[in-house]
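# Residue-level structural notes
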Amino acid sequence: MSDATISSAPALDLEAGRAGRRHLISRIVIYGLLTFFAIIYLMPLWVVFFNSFRPLAEISANGLIAFPQSFRLDAWPQAWSEFCIGGQCAGMQRYFWNSIMMVVPATIISTAMGAITGYVLSKWKFRGSEIVFGMMLLGVFMPGQIALLPWAFILGKIGLANSVYGLVLVHCIQGLAFTTLFCRNYFVGIPDDLVKAARIDGAGFWRIFYRIILPISPPILIVTVIWQFTGIWNEYLFGVVLNSGANQPITAALVALSMSGTTVRTYDVMSAAVLIGALPPLLVYFFGGKYFVRGLTQGAIK
Amino acid sequence: MASLTVRNLRKNFGAVEVLKGVDIEAQTGEFIALVGPSGCGKSTLLAMIAGLETVTSGEIWIGDRMVNSVAPKDRDIAMVFQSYALYPTMTVRENMAFGMESRGIPKDEQKAAIARVASLLQIEPLLARKPGQLSGGQRQRVAMGRALVRDPKLFLFDEPLSNLDAKLRVDMRTEIKKLHQRVGKTTVYVTHDQVEAMTLASRIAVMHQGQVQQFDEPDTIYNRPANIFVAGFMGSPSMNFIQAEITSASGTPSITFPLAGGGVANLPLHDGVADRATGRKVVLGIRPEHLSRQSPNTVGKPGMATMSAPVEVVEPTGAETMAVMKFGELEVVGRFSPDEAPKTGENMPLAVDMSRACLFDPATQKRI
């Protein structure tokens, strides 16, 4: 090691030290603030999570926000199969299954349709395709409540009123604008030469779609699926207006929290019920979150 | 037999006329280069031959079939793209098989074809790799392999070398030439690089503003360009153009133009020029290599004229030396061998090879 060559002036060392300290302080401030807001943001989740394991008596005694003194699992099975909603004491389970029955097909179908429309609007442009795309974009900004009455009318006409399948249809159509936007914007980044080469190679519309385009597209498909799944699961307005009673999705059923028939508020069971309603999107973000961020920020493959 | 005939082909994008009546034909086995500056319509022409762009009017024949409204896949063509357009999720082998697969060619036939082409291009070790794992030169090779494997009637190349670095480009150019000599397929090759066009093509179509300016063998294009555009586009450094006049002051018809300091150059006209009317305005075109230092060898030669000009800049490149000289107000580039190269500031005694010079009509821009 040649110490002689780097024997720097002490003044420089001082300055470097000062810069390093400034850097450290700014890091501490930044991470402190981030941690602070993360705690605020996560607080409700913690409160509900803890309360689902605390006995009701303890909640009443120590208040809603407190560390658990004991640990009980009773509230969960109660919330799942006994919790009373709208006079029916059958728990959250059937609403949970309603939501699953709604969200799985609606996510798959709306993503598939968005991929196809996005493919057409990016790689098979036709006269006026930009106008069609522009009009579809309006759907992104359209508040859902505008469509409430028309949907009620249509679902009634085609015999899907108050049905989970009706909600599947609603979410497929309502979600199409978003899924198209996502897929189209990703596909635009795929070089047109690939499509041209495939056309010369003898591949047609569908073959190019599933052999060339789809294999490049997992990032955007994951983003779209996560977006649709959480969006449809958390959606509330259509579920509560278009469906009633036993056919409501879980978000609509949670209304019961505010009008439970009994005089005693069963905070432990309610907390478990809320968590059951929140679990699927939480899990999806938990496992898919990093793909979501990656997919949104990543451009198409060169 | 012509394997490609293009007749009076036109293309409009909205109100913009991109191709204004193009006529080209390629004999079987020929290597045609479409060359021109960007925006001249050469890539559009190629895309129309491939069927990727529709025809506004005119005809495209491949072999004995009019293909105006035939789908790309049914035209019996293969194309190599500037971006290579390799399918990124498929291995090299799958890339090469894709076209045959789409056409339902039996598996063992596919295998045999891939093996044949892979050994021809020496890409066997790459077959299991994906395009992302290949270097630029390897991708280029694979792109050619994918085109070759189907044994089409017509090969289309769209600026295939412009994404490679300079050295690799020269190597691949030689490879493409070798390959064409070996397989002998009719080829249409689009490039903006006149050197590629000159070295590869059996005939060159020089395009400008949607029209074919000249369609001929490289030698003719270079030595007897049809007009000022072709003369200026082909060759580097570019041909020198000098506004001049035909006079017969010294008895023989000669080309006269002003020099710096009030003098005039008087270069005897070559016998080959038919129209030698005195007083006619012309544009004299001299390629840099047709200027040389006066010496006993050059001065006496027929068609050789002499003059002198001050040297402004000297640019040695090693093998040869470029010198910028002043002909009056005009800068003229000469190309000399290093041992006869001028010095900056020298008043260079020049021998001008008038037998190789071109004369153009200033109004029509055409060669006289």
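Residues numbered from 1 in each chain as written. Chains lettered and ligands numbered in written order. Predicted model: local features only at pLDDT ≥ 70, side-chain atom pairs only at ≥ 80, totals over all residues.

### Examining the overall build of chain B
On a plain count of helices and strands, chain B comes out with nine helices and 20 strands. Dimensions of chain B, computed from C-alpha atoms along their principal axes, come out at roughly 80 × 45 × 35 Å. Here chain B, with 368 residues, has 39% of them falling under the buried criterion. In chain B, of all internal contacts separated by at least 6 residues, the share reaching a separation of at least 24 is 64%. (Helix = DSSP H or I, 4+ residues; strand = E, 2+ residues; numbered from the N terminus. Buried ≥ 20, exposed ≤ 12 C-beta atoms within 10 Å, placed from the backbone. Contact = placed C-beta atoms within 7 Å.)

### With respect to the domain arrangement of chain B
Residues and elements named next belong to chain B. Domain boundaries in chain B define domain 1 (2-233) and domain 2 (240-360). Its C-alpha centre places domain 1 at a distance of 40 Å from the equivalent point of domain 2. Taken residue by residue, the interface counts four residues in domain 1 and five residues in domain 2. Residues of the side of domain 1 that touches domain 2, tallied by class, amount to three nonpolar, one polar and no charged. (Domains from an automatic or database assignment. Nonpolar A, V, L, I, M, F, W, Y, C, P; charged D, E, K, R; others polar.)

### Remarks on the sheet that holds strand β13 (residues 264-268) of chain B
All names here are of chain B. Judged by pairing direction, the sheet is antiparallel, and its five strands sit side by side in the order β13-β12-β11-β14-β20 without closing on themselves. Lying at the two open borders of the sheet, with one neighbouring strand each, are β13 and β20 (358-360). Each neighbouring strand pair of the sheet contributes to a mean axis angle of 40 degrees, computed without reference to strand direction. Of the pairings in the sheet, the one linking strand β11 (residues 240-247) to strand β12 (residues 254-258) comprises three bridges and is antiparallel in character. The partner of I246 across the bridge, within β12, is I255. (Pairing = 2+ DSSP bridges. Axes fitted to C-alpha atoms, helices over the stretch in contact; angles between N-to-C directions.)

### What about the domain arrangement of chain A?
Accessible area lost upon the coming together of the parts serves often as the stated size of an interface. All names here are of chain A. As far as domains go, chain A holds domain 1 (9-79) and domain 2 (91-297). For domain 1 versus domain 2, the separation of C-alpha centres amounts to 33 Å. Listed by partner, the interface residues are 13 residues for domain 1 and twelve residues for domain 2. Elements with a minimum of two residues in the side of domain 1 that touches domain 2: α1 (10-51), α2 (56-62) and α3 (75-81).

### Observations concerning helix α3 (residues 107-121) of chain B
Residue and element names in this part refer to chain B. Its 15 residues place the ends of α3 21 Å apart at the C-alpha level, agreeing with the 21 Å of an ideal helix rising 1.5 Å per residue. Where α3 is concerned, the buried positions are I114, V117 and A118. Relative to the axis of α3, the buried residues are bounded by an arc of 105 degrees and lie together on one face. In α3, those exposed residues whose orientation departs by more than 90 degrees from the buried face are D108, E109, A112 and S119. Of the surrounding elements, those touching the buried residues of α3 are α2 (92-102) and α4 (136-148). Residue Q122 follows α3 closely and has a positive phi angle near 55 degrees. (Expected span 1.5 Å × (residues − 1). Arc of directions from axis to C-beta.)

### Structural notes on the pairing of strand β6 (residues 77-80) of chain B
Regular strands place their side chains on alternate faces of the sheet. Residues and elements named next belong to chain B. Here β6 shows a buried face lined by I77 and M79 and a second buried face lined by A78 and V80. Pairing between β6 and strand β7 (residues 154-158): four bridges, direction parallel. By the bridge assignment, V80 is partnered in β7 with F157.

### Observations regarding the nonpolar core
Core analysis: the biggest nonpolar cluster contains 140 residues, and I32, L34, M79, L156 and V188 of chain B have the highest contact counts within it. It is helix α7 (residues 164-188) of chain A that provides the largest number of residues to this core, a total of twelve residues. When near neighbours in sequence (up to four residues on either side) are disregarded, M79 of chain B contacts A197 and I200 of chain A together with A50, A147, L156 and D158 of chain B. Listed in part, the 16 residues of the second largest apolar core include F83, I85, A272 and V274 of chain A. (Core = buried A, V, L, I, M, F, W, Y, C linked by C-beta atoms within 7 Å.)

### Section: the sheet that holds strand β10 (residues 211-216) of chain B
Residues and elements named next belong to chain B. One open sheet holds the six strands; their spatial order is β6-β7-β8-β3-β9-β10, and the pairing between them is mixed. Sheet topology places β6 and β10 at the edges, where each strand pairs with a single neighbour. Averaged over all adjacent pairs, the angle separating strand axes in this sheet is 15 degrees, with direction ignored. The pairing of strand β9 (residues 203-208) with β10 spans five bridges and is classified as antiparallel. What sits directly across from H208, in β10, is Q211. In the packing of α4 onto the sheet, contacts are made with β6 and β7, and the angle to β6 comes to roughly 175 degrees.

### What about the confidence of the model for chain A?
All names here are of chain A. On average, residues of chain A score 86 in pLDDT, and 90% of them reach the 70 mark or higher. Between the elements of chain A, mean pLDDT differs from a low of 82, seen in α2, to a high of 95, seen in helix α4 (residues 93-123). The low-confidence segment residues 1-5 (pLDDT under 50) makes zero contacts with residues lying over four places distant or belonging to another chain. (pLDDT = per-residue confidence, 0-100.)

### Describing the pairing of β7 of chain B
Residue and element names in this part refer to chain B. Taken across its five residues, β7 has five buried, putting it largely inside the fold. Burial along β7 is two-sided: L154, L156 and D158 facing one way and F155 and F157 facing the other are all buried. By the bridge criterion, five bridges tie β7 to strand β8 (residues 186-191) in an arrangement that is parallel. Paired with F155 across the two strands is T187, which belongs to β8. A crossover connection joins β7 to the parallel β8 through helix α5 (residues 166-183); in handedness this β-α-β unit is right-handed. (Right-handed = clockwise from strand over helix to strand, strands pointing away.)

### What about the interface of chain A and chain B?
At the junction of the two partners, chain A supplies 15 residues and chain B supplies 17 residues. Breaking the side of chain A that touches chain B down by element, the ones donating at least two residues are α8 (192-200) and α9 (205-216) of chain A. The greatest single-element share of the side of chain A that touches chain B, amounting to six residues, is contributed by α8 of chain A. Here the residues of the side of chain A that touches chain B sort into nine nonpolar, one polar and five charged.

### A short note on unusual backbone geometry
The linkage connecting S236 of chain B with the following residue, P237 of chain B, adopts the cis geometry, with an omega of -5 degrees. Here P237 of chain B shows up in the loop between α8 (228-233) and β11. Even without glycine at this site, N162 of chain A takes up a positive phi of about 50 degrees. For N162 of chain A, the location among the structural elements is in the loop between α6 (148-157) and α7. If you check the backbone angles, Q365 of chain B has positive phi at about 70 degrees while not being a glycine.

### Some details on the environment of P237 of chain B
Residue and element names in this part refer to chain B. Judged by the 14 C-beta atoms lying within 10 Å of it, P237 is partly exposed. Once the C-alpha coordinates of P237 and R203 are considered, the two residues, 34 residues apart in sequence, prove to be 22 Å apart. Sequence-distant contacts of P237, that is, excluding residues within four places in its chain, are made with P288, M322, V333 and R335.

### Examining the packing of α7 of chain A against helix α10 (residues 218-234) of chain A
All names here are of chain A. Direction vectors running N to C along α7 and α10 enclose 155 degrees, while the axes themselves pass 10 Å from each other. One finds that α7 runs roughly antiparallel with respect to α10. α10 is crossed by α7, and the crossing has right-handed handedness. The segment α7 lies against α10, with H171, G175, F178, T179, F182, C183 and Y186 engaging I220, V223, T224, W227, Q228, G231 and I232. Looking at the contact of α7 with α10 residue by residue, the classes come out as eight nonpolar, six polar and no charged. (Parallel < 35°, antiparallel > 145°, perpendicular 65-115°, else oblique. Left-handed = near helix turned anticlockwise from the far one by under 90°.)

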